[in-house]
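Close look at the chain arrangement
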Amino acid sequence: MAKFNIEKTKESRISEVDWNNLRFGVYFSDHIFISDFVDGKWDGGRIEPYRALPMEPGLCTLHYGQTIFEGLKAFKSAKGGANIFRPDMNANRLNNSAKMVCLPEFDVDTLIEGIKELVMLDRQWIPQERGQSLYIRPVMFGSSNFLGVTASPTTRLIVMTSPVASYYAEGLKPIKILVSTEYVRAVKGGVGMAKTAANYAASLKAGMEAHSKGFSQVLWLDGVNRKDIDEVGAMNIMFVIDGELITPSLDKGSILAGITRGTVLNLAKEMGMKVTERNISIDEVIDAHNKGILNEVFGTGTAAVISPVGMLSYLDKEYVINNMEIGPVAQKFYDTITAIQYGEVEDTRKWNVKIDF
Ligand SMILES: Cc1ncc(COP(=O)(O)O)c(C=O)c1O
């Protein structure tokens, strides 16, 4: 059945996993999917044991950051086997990121097949409990050794997986967010829409400073006027104002097109909510708060699915939202999306790629 060459590990490391303490991204499953782009084409791809790979100090991506990645999850399904949630969306976004940093695109179907094969082989690594999942991390980078500032002629794609805990060990707890007026993440015309390593390096300092002040994440404003809302550290952001769901539009050119964002917008329209993708400024949000019509704020992303925001801090003033409680809209999206992911309801929209075992 396997389309790819598979070299199985001689010794599984699964006994090293502390299943009761699955911190994010610290355990790596036994195998990886790997493919190389050489002489203008991708090889067929193969599966190998997870192990250290040889690297020269001159590896171009270390110097100039020609790296992109993705993040998606496989869930133990209530119907048996596992569900991988919307991998086609991640594969397409990987290719959009690739175009932005001059890496070659990878065939979407081959990537999905490679992920399926990898998850099937390491199915023992899929955590069993509701809320837990197997995080899937594709990463693509320039793989040649040279110091010229040009695109790498060769590229490597690796997919690794990692068992992760529920983001919410103690239920959906609203987070506190600092609206950054000092730092910016991206501007139109830059690489803010790409899931490229540089964006994350650039966000670390602001994130650490926010943490040290007791905030979970940073809310980024646009890089030019420092007024319009972009997104949160690793999430898109949504507002419910007077019953209307509002989120920054992708044509801003500076935010990541989140898969969860798209999923929520899709569901909201199905539910008959008024949904608007448009520019929204921090002033408008504060104004809505002052008028008492800022019903809910929440982030959307693969890690947490939905992350309610209980407080925004802007220019040293704190704005508490919905009494620091999760609102009904955020709760509804969380419940609906996770029920689909864990196979507890019919997947009528065909969002899951199923793996039978
Ligand atoms: C900067 C940024 N924005 C938004 C998201 C949310 O995207 P998704 O819903 O695809 O996880 C992520 C996470 O991948 C992110 O890193």
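Look above for the structure.
Just so it is clear, the structure is predicted and the values come from calculations on it, not from any experiment.

**Describing a nonpolar patch on the surface**
On the surface, Tyr 64, Leu 147 and Val 149 cluster together into a nonpolar patch covering about 340 Å² of accessible area. With respect to the helices and strands, Tyr 64 occurs in helix H1 (residues 60-64). By relative accessible area, which is 40% here, Tyr 64 ends up partly exposed.

**Focus on the packing of aromatic side chains**
Under the definition given, this model contains 10 aromatic pairs. For the pair Phe 37 and Trp 42, a centre-to-centre distance of 5.4 Å together with 65 degrees between the ring planes defines the contact as edge-to-face. Residue class for Trp 42 comes out buried when judged on its relative accessible area of 18%. A network of ring pairs unites the aromatic residues Phe 4, Phe 33, Phe 37, Trp 42 and Phe 106 as a single cluster. Over the ring of Phe 357 we find Arg 123; its NZ or CZ atom is 5.9 Å from the centre of that ring. The lysine or arginine in question, Arg 349, covers the ring of Trp 351, its NZ or CZ lying 5.3 Å from the ring centre.

**Some points on unusual backbone geometry**
The phi angle at Asn 323 is positive, at roughly 55 degrees, despite the residue not being glycine. Take Asn 323: it is sitting in the loop between strand E18 (317-320) and helix H7 (328-341). A relative accessible area of 63% places Asn 323 in the exposed class. Within the chain, Lys 350 stands out as a residue other than glycine whose phi angle is a positive 55 degrees. Within the secondary structure, Lys 350 is located in the loop between H7 and strand E19 (352-355).

So, how was this worked out
- Residues numbered from 1 in each chain as written.
- Predicted model: local features only at pLDDT ≥ 70, side-chain atom pairs only at ≥ 80, totals over all residues.
- Heavy atoms only, no water.
- Patch = residues over 30% accessible without salt bridge, like charges linked within 9 Å, V, L, I, M, F, W, Y side chains within 5 Å.
- Areas by Shrake-Rupley, 256 points an atom, 1.4 Å probe, with all protein chains shown as cover.
- Salt bridge = Lys/Arg side-chain N within 4 Å of Asp/Glu carboxyl O.
- Helix = DSSP H or I, 4+ residues; strand = E, 2+ residues; numbered from the N terminus.
- Buried < 20%, exposed > 50% of the residue type's maximum accessible area, 1.4 Å probe, protein only.
- Phe/Tyr/Trp six-rings, centres within 6.5 Å; stacked < 30°, edge-to-face > 60°.
- Lys NZ or Arg CZ within 6 Å of the ring centre and 35° of its normal.

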